[in-house]
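Listed below, chain by chain, are the residues.
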Amino acid sequence: MPRRKLVAGNWKMNTTRAEAVALAQGVAAGVGASPKCDVAVIPPFVWLDPVAAALKGTAVQLGAQDVYTEPKGAFTGEISPAMLLEVGCQYALVGHSERRHVIGETDAATNHKVHAALEAGLHVILCIGETLAERERNLQERVFQRQVYAACAGLTDEQFGRLTLAYEPVWAIGTGKVATPELAQEAHKNIRARMALLYGDNIAGALPILYGGSLTGDSAPGLFAQPDIDGGLVGGASLKADSFLKIVAAAG
Ligand code: 13P
């Protein structure tokens, strides 16, 4: 079965409440009732509720930028998978490079989060990718292996069916330096080959792998034409409806 593309906008720590609602409305209006790819927006936690209301009855799905490992309890500042489901999320991002490299999240923590989110019924977008120093030392394949092996340990086949990977080379995030289609395709092909070795051809073949890192309406068509690139995780260009919709159109 061909893999359906997904374009998701990670708004990071941006937007006021009014901007978030207007952006969600603009995306929903532009996407229409039956888009050719899946489309999701991922606002800050505090705007999930008003954005969910703005998206009600539209084709645009909702995701959260992170999730905690426990269902409830004394975990000050954290948000459980059940809370995300109740507010209307279908997706949770796990292991974004800013969480790994700015906030210090470990591979073990990503594994616990992936499990907690999938067990609760969410769909997980797991981010992986090498830093510039790792690429300069040609270590990217070892990094993919370590990150996916750690994060996916113990998942069932059914849970793999609700997992999407996002390859986000850290040197391309927010820098304007987008990976070329050839370089990104090579990385995606490698990641899929590693998943096949670890978890079998069926899981690897069905697994959507998104590209993320300075993606724009101009770079998206070339990247999305590659056989192992199944859509995009968009940062900066997802903060304006028209630039995000240009990327969505490239996935159709
Ligand atoms: P930019 O598109 O701003 O480079 O961000 C990419 C990203 O981190 C999406 O999660």
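Above: the structure in question.
Residues numbered from 1 in each chain as written. Predicted model: local features only at pLDDT ≥ 70, side-chain atom pairs only at ≥ 80, totals over all residues. Heavy atoms only, no water.

*Asks:* What am I meant to see in the overall build of the protein chain here?
*Replies:* For the protein chain, the helix and strand inventory stands at twelve helices and eight strands. At 17 Å, the protein chain has a C-alpha radius of gyration in line with the 18 Å of a compact globule built from 252 residues. By principal-axis analysis of the C-alpha atoms, the protein chain measures approximately 45 × 45 × 35 Å. Across the 252 residues that make up the protein chain, the buried fraction comes to 51%. In the protein chain, the share of contacts with a sequence separation of at least 24, taken over all contacts with a separation of at least 6, comes to 73%. Surface exposure of the protein chain reaches about 11,300 Å², of which carbon and sulfur atoms provide 55%. (Helix = DSSP H or I, 4+ residues; strand = E, 2+ residues; numbered from the N terminus. Rg over C-alpha atoms; globule rule 2.2 N^0.38 Å. Buried < 20%, exposed > 50% of the residue type's maximum accessible area, 1.4 Å probe, protein only. Contact = heavy atoms within 4.5 Å. Areas by Shrake-Rupley, 256 points an atom, 1.4 Å probe, with all protein chains shown as cover.)

*Asks:* Honestly, the site of the ligand in this entry has me stumped. Any pointers?
*Replies:* Around the ligand lies a shell of 14 residues, among which Lys12, His96, Gly174, Ser214 and Gly236 are the nearest. Contact distances for the ligand include 3.0 Å between an oxygen atom and a side-chain N or O atom of Asn10. With respect to the ligand, the side chain of Lys12 contributes an N or O atom lying 2.8 Å from an oxygen atom. Protein burial of the ligand: of its 300 Å² of free accessible surface, 94% is covered by the chains. Residue composition of the shell around the ligand, by class: five nonpolar, seven polar and two charged. (Near = heavy atom within 4 Å. Polar contact = N/O pair within 3.5 Å; in protein donor to acceptor, adjacent residues only side chain to side chain. Nonpolar A, V, L, I, M, F, W, Y, C, P; charged D, E, K, R; others polar.)

*Asks:* Teacher, can you tell me more about the side chain of Asp107 here?
*Replies:* Looking at where Asp107 falls in the secondary structure, it is placed in helix α5 (residues 107-120). Looking at Asp107, the relative accessible area reads 17%, which means it is buried. Of note is the side chain of Asp107, whose polar atom sits 3.0 Å from the side chain of Arg100. The residues touching Asp107, leaving out its near neighbours within four places in the chain, are Arg100, Arg146, Gln147 and Ala150.

*Asks:* Which parts of the structure should I look at to understand helix α1 (residues 17-31)?
*Replies:* Each turn of an α-helix holds 3.6 residues, which means side chains three or four residues apart point in the same direction. With 15 residues, α1 ought to run about 21 Å at 1.5 Å a step, and its terminal C-alpha atoms sit 21 Å apart, in line with that. Of all the residues in α1, the buried ones are Ala20, Leu23, Ala24, Val27, Ala28 and Val31. Relative to the axis of α1, the buried residues are bounded by an arc of 130 degrees and lie together on one face. Exposed and oriented more than 90 degrees from the buried face of α1 are Ala18 and Ala29. Elements that come into contact with the buried residues of α1 comprise β2 (38-42), α2 (48-55), β3 (60-64) and α12 (241-250). (Expected span 1.5 Å × (residues − 1). Arc of directions from axis to C-beta.)

*Asks:* What is the right way to look at helix α7 (residues 140-152) in this model?
*Replies:* Taking 1.5 Å of rise per residue, the 13 residues of α7 would be expected to cover 18 Å, and the 18 Å separating its terminal C-alpha atoms lies within 8% of that figure. All buried positions along α7 are accounted for by Gln140, Val143, Phe144, Gln147, Val148, Ala151 and Cys152. Taken around the axis of α7, the buried residues stretch over an arc of 125 degrees, which confines them to a single face. Among the exposed residues of α7, those pointing more than 90 degrees away from its buried face are Arg142 and Tyr149.

*Asks:* Would you take a moment to explain the packing of α1 against α2 for this structure?
*Replies:* Relative orientation and spacing of two packed helices are given, respectively, by the angle between their axes and the distance between those axes. At a minimum axis separation of 9 Å, α1 and α2 run at an interaxial angle of 30 degrees. Between α1 and α2, the crossing angle belongs to the class labelled roughly parallel. Considering how the two elements wind past one another, α1 and α2 form a crossing that is right-handed. Across the interface between the two elements, Arg17, Ala20, Val21, Ala24, Gln25 and Ala28 from α1 touch Pro50, Val51, Ala54 and Leu55 from α2. The residue makeup of the contact of α1 with α2, split by class, is eight nonpolar, one polar and one charged. (Axes fitted to C-alpha atoms, helices over the stretch in contact; angles between N-to-C directions. Parallel < 35°, antiparallel > 145°, perpendicular 65-115°, else oblique. Left-handed = near helix turned anticlockwise from the far one by under 90°.)

*Asks:* I would appreciate a short explanation of the environment of Arg135 in the present structure.
*Replies:* By secondary structure assignment, the location of Arg135 is in helix α6 (residues 132-136). The spacing of Arg135 and Leu210 is 75 residues in sequence and 19 Å in space, taken between C-alpha atoms. If sequence neighbours within four positions are ignored, Arg135 has contacts with Glu130, Gln140, Tyr167, Trp171 and Leu183.

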